[in-house]
Amino acid sequence: MARKKVNTKKNEPTIQQVRFEKTFKEDAIEYGTEVAVNRALPDFRDGLKPVDRRILYSMVESKFFQSKPYHKSALVVGRVMGEYHAHGDASIYDVLVRMSCFWRQQLKYIDLKGNNGNYLGRPAAASRYTEVRLDGLVDELLKRLQFGVVPFVDNYSFDKKEPTVLPIPIPALLINGAFGIASGFISSIPEHNPIEALQAFKVFCKKRKATLEDIYKVMPGPDFVLGGEIFKIEDMRQFYECGSASINVRGKTKIEKNKVIIYEVPYNLSGSILDYFENLTDLIANKKLVNAQSVTNYSDKKGVWIEVTAKNKDVVKDLERELYDKTALQSIKPLRFNVVNGGRPVKMNLMEYFASYKEFVLDTIKKDAQVKLEKLEHQILISSGIMTALDKIDLIIELIRNSKSNSEAIEALKSGKVTEKQFKTKTAFREAKKFSFTEEQARAIVAIQLGRLSNLSKIELIDKHNALLKEQQTLSEIIADEKKQEKVLLKDIDFFIKLFTSMGLDKRKTTISNQDFVQYKETEKVFEYNLNLDKFGYLKLLNPESKQEDSLVSKIVSSKDSIGFFSNLGNFHKFKLSDFKSHTLKDKGELLSGLIQKPSPEEYLIINSHSMLHFPETGREKNQQVFICTSDGFAKTVLAEEYNVKTRRSVGTKLNSGQEVVSAELVRDGVDFAVLVTEKGKVKKVKLSDINLYKKNTKGMSVGKLSDDRIKQVYLVGKKDKVKISGKTVPVSELKTEKLSTVFKNLK
């Protein structure tokens, strides 16, 4: 329970007790919802996030239309940030650029002059270098944008109004798709072919009980600008049914001689093809793509073209499968139809989206008709006033000429307040007193120049007035009748289908299939390495031609081989070389101690120039022996083959309580003696031939009495070798060979 300490004086808050977890949860939900609604998720009605909408509205307000000159992107970004979107300029510019990129959405809203990046992944130029204006399509999409049609609210500084939604008459959310992440919410809606999406919406509007099967006939699935393939489409269609699913996508390849050519990529690689190419390069360098020899990127503005060369013609099919299986050329992506509806985040399915969107469009059509009707009725009122004035044109001209001001003439036309002096005859005076025009009519009549007023054609006025009356009737019918509104909606759909067809957007780019994943089953490849091990226990598998200068061990091995090391606690740890990646000389290598299975805090590997046991796949030495000596003076030799077991961790030797393995290394040709050194500096030289062969799970035999001393070091040496004891270099030949039963002696 959290307690807030406050002063209890009058008009000040009292102490409040709150439950922390409840308050934290409520605040987190409120924060997450706020971020989702005001920043991250698109509104289902126009398919736009707030920043997208504010950019478009600011440019409309500034009249940066297609028919106007370009303007600096930095100017647009500054206006949006200063008037509507109080966030970073970089994020605003990123969105501005995105709305100009054909590879990032089906419909471009922004016409950008300059470098807006490319689908390969190169970034756009800075905002000070590029210029923008609205794309011509926006003129058609926002033709109903005005007060009264969509809601307007105060901007963040309360000095301007901005729309909460744009009256876009097509299902833009479905066409352009959307992606956004908020706290606790994610929106991931794939893009669709514009004409297919419109036809699907048309089917929904025309058929009272339309089903998803009806929709699939005209819109079988998403369509991405860069093509590719959607496979296992039935998995993806769960997205249309329940609002969440996964989409399986992959690129397209073809084989030419010994090369696999990638000529289409999945949508998740749009804008990151250069990164994908670099990843392929790394995989080949690290031998993760075992069938690939090299990769070259020829992609340009004409399209994707990446050539991956196989090691030989026999494995080119394997390479193609490997590219799909091991790289982003084939992947699964989650889809979530999370959108903003009514000021809160919700999940929709396709039919719910169509129903809600249809309701929105019909509402905008109705409100647009209401706004137009209001303006039209004003025009009709003016028109009827002018026609009435035309019947008494001479009288009105005489009135206007003899009035001292326009306001006097307007007042006379409204109320008939005139004087005899203004007219030549009493009859004209009496007629003028009957004037009763409205304020708007009177002002319109006075505003017309006298010369033009006398030349107005009554027939023309009647025709225009009748046209206005006809339009008034049409608008009134649209307002009153939902079926009339639906006719307008369908007319809009047909218009945009025709428009998009003329723009070349009618061709589907993405293939849809029910095929399964392309999988690669790797047949085991055998590689040859130069195994290098340093004194710190770092292992590297280098090319056979490479060699580390400071290595303890340098040995040619096969990727099918295994190696093993003893630990101080008497365990034997075995490693398969196939589990290691290949290395370069610049790499640090892999620390073997970090790979010990079930290590104890005190356990470490015994590593020296002869401590590694090598188990080749073929050509094993059956009689090779290992010499093992413990700190309490027990020694033995064991056949190395005993340690060639399947488990990674096995028994190396049996130990007495509290004792450790001091030495464990291979017995080599030319090694005849073991020189044993204790912690107190005592020495003993014994013949290796006196050390018997034992099984690995035994302690071995005693090499002499130690009393309260312990063996700390062992040298396996030949007759002509030298050893370093207590800082002195001593020839082995000068050390007396002792029997196992004798005691350890001080060095003379």
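The shown structure was predicted, so the numbers you read here are calculated from the model rather than taken from an experiment.

Novice: Could you give an account of the overall build of the protein chain, naming the residues involved and the relevant values?
Specialist: Counting its secondary structure elements, the protein chain contains 20 helices and 37 strands. Its C-alpha atoms give the protein chain a radius of gyration of 44 Å, more than 25% over the compact-globule value 27 Å for 748 residues. In terms of overall dimensions, the protein chain has a C-alpha envelope of 160 × 85 × 50 Å along the principal axes. Every one of the 748 residues in the protein chain was classed for burial, and the buried ones make up 48%. Considering only contacts within the protein chain whose residues lie at least 6 apart along the sequence, 69% involve residues at least 24 apart. Here the protein chain displays about 38,900 Å² of accessible surface, and carbon together with sulfur accounts for 49% of that area. Within the protein chain, the 97 negative side-chain charges are centred at a point lying 3 Å from the centre of the 124 positive side-chain charges.

Novice: Could you give an account of the packing of helix α2 (residues 50-61) against helix α4 (residues 89-98), naming the residues involved and the relevant values?
Specialist: Running from N to C, α2 and α4 cross one another at 75°; their axes reach a closest spacing of 10 Å. Classed by the angle they form, the pair α2 and α4 counts as roughly perpendicular. Residues V51, D52, I55 and M59 of α2 form the contact with α4, whose participating residues are I92, V95, L96 and R98. Residues of the contact of α2 with α4, tallied by class, amount to six nonpolar, no polar and two charged.

Novice: Now, about helix α3 (residues 73-83): what can you tell me, with residues and values included?
Specialist: Among the residues of α3, S73, V76, V77 and V80 are the ones counted as buried. Along α3, the residues classed as buried sweep out an arc of 100° about the axis, all on the same side. Looking at the packing, one finds that the buried side of α3 touches α2, β3 (71-72), α4 and β5 (131-134).

Novice: Tell me about the sheet that holds strand β33 (residues 701-702), and name the residues and values.
Specialist: Each strand in a sheet pairs with its neighbour through backbone hydrogen bonds, running either in the same direction (parallel) or in the opposite one (antiparallel). Read across the sheet, four strands follow the order β30-β27-β28-β33 without closing on themselves; strand pairing throughout is antiparallel. If you trace the sheet from one side to the other, it starts and ends with β30 (661-666) and β33, each paired once. As paired strands, strand β27 (residues 625-630) and strand β28 (residues 634-639) are joined by five bridges and run antiparallel to one another. Across the sheet, residue C629 finds its bridge partner in β28, namely A635.

Novice: Explain the packing of aromatic side chains to me, and be specific about the residues and the numbers.
Specialist: Counted under the stated rule, the structure contains 24 aromatic pairs. On the numbers, 4.9 Å between centres and 85° between planes, the contact of F231 with F517 is edge-to-face. One end of the pair, F231, is in strand β10 (residues 229-231); the other, F517, is in the loop between β19 (511-512) and β20 (528-533), and 286 residues separate them in sequence. When the centroid spacing of 5.8 Å and the interplanar angle of 55° are considered together, the rings of F239 and Y240 count as tilted. On the basis of relative accessible area, Y240 is assigned to the buried category, the value being 1%. Members of the aromatic cluster, joined through ring pairs, are F201, F204, Y216, F239, Y240, F337, Y353, F354, Y357 and F360.

Novice: Explain the sheet that holds strand β13 (residues 259-264) to me, using residue names and the numbers behind them.
Specialist: Pairing in this open sheet of four strands is antiparallel, and the strands run β12-β13-β15-β14 from one edge to the other. A single partner strand is all that each edge strand has here, and the edge strands are β12 (252-256) and β14 (292-297). For this sheet, the mean angle separating the axes of adjacent strands, direction not counted, is 20°. Strand contacts of helix α11 (residues 273-285): β13, β14 and β15 (306-310), with the helix running at about 160° to β14, the strand carrying the most contacts. Strand contacts of helix α12 (residues 316-326): β12, β13, β14 and β15, with the helix running at about 165° to β12, the strand carrying the most contacts.

What counts as what
Residues numbered from 1 in each chain as written. Predicted model: local features only at pLDDT ≥ 70, side-chain atom pairs only at ≥ 80, totals over all residues. Heavy atoms only, no water. Helix = DSSP H or I, 4+ residues; strand = E, 2+ residues; numbered from the N terminus. Rg over C-alpha atoms; globule rule 2.2 N^0.38 Å. Buried < 20%, exposed > 50% of the residue type's maximum accessible area, 1.4 Å probe, protein only. Contact = heavy atoms within 4.5 Å. Areas by Shrake-Rupley, 256 points an atom, 1.4 Å probe, with all protein chains shown as cover. Lys, Arg positive; Asp, Glu negative; His and termini not counted. Charge placed at Lys NZ, Arg CZ, Asp CG, Glu CD. Axes fitted to C-alpha atoms, helices over the stretch in contact; angles between N-to-C directions. Parallel < 35°, antiparallel > 145°, perpendicular 65-115°, else oblique. Nonpolar A, V, L, I, M, F, W, Y, C, P; charged D, E, K, R; others polar. Arc of directions from axis to C-beta. Pairing = 2+ DSSP bridges. Phe/Tyr/Trp six-rings, centres within 6.5 Å; stacked < 30°, edge-to-face > 60°.

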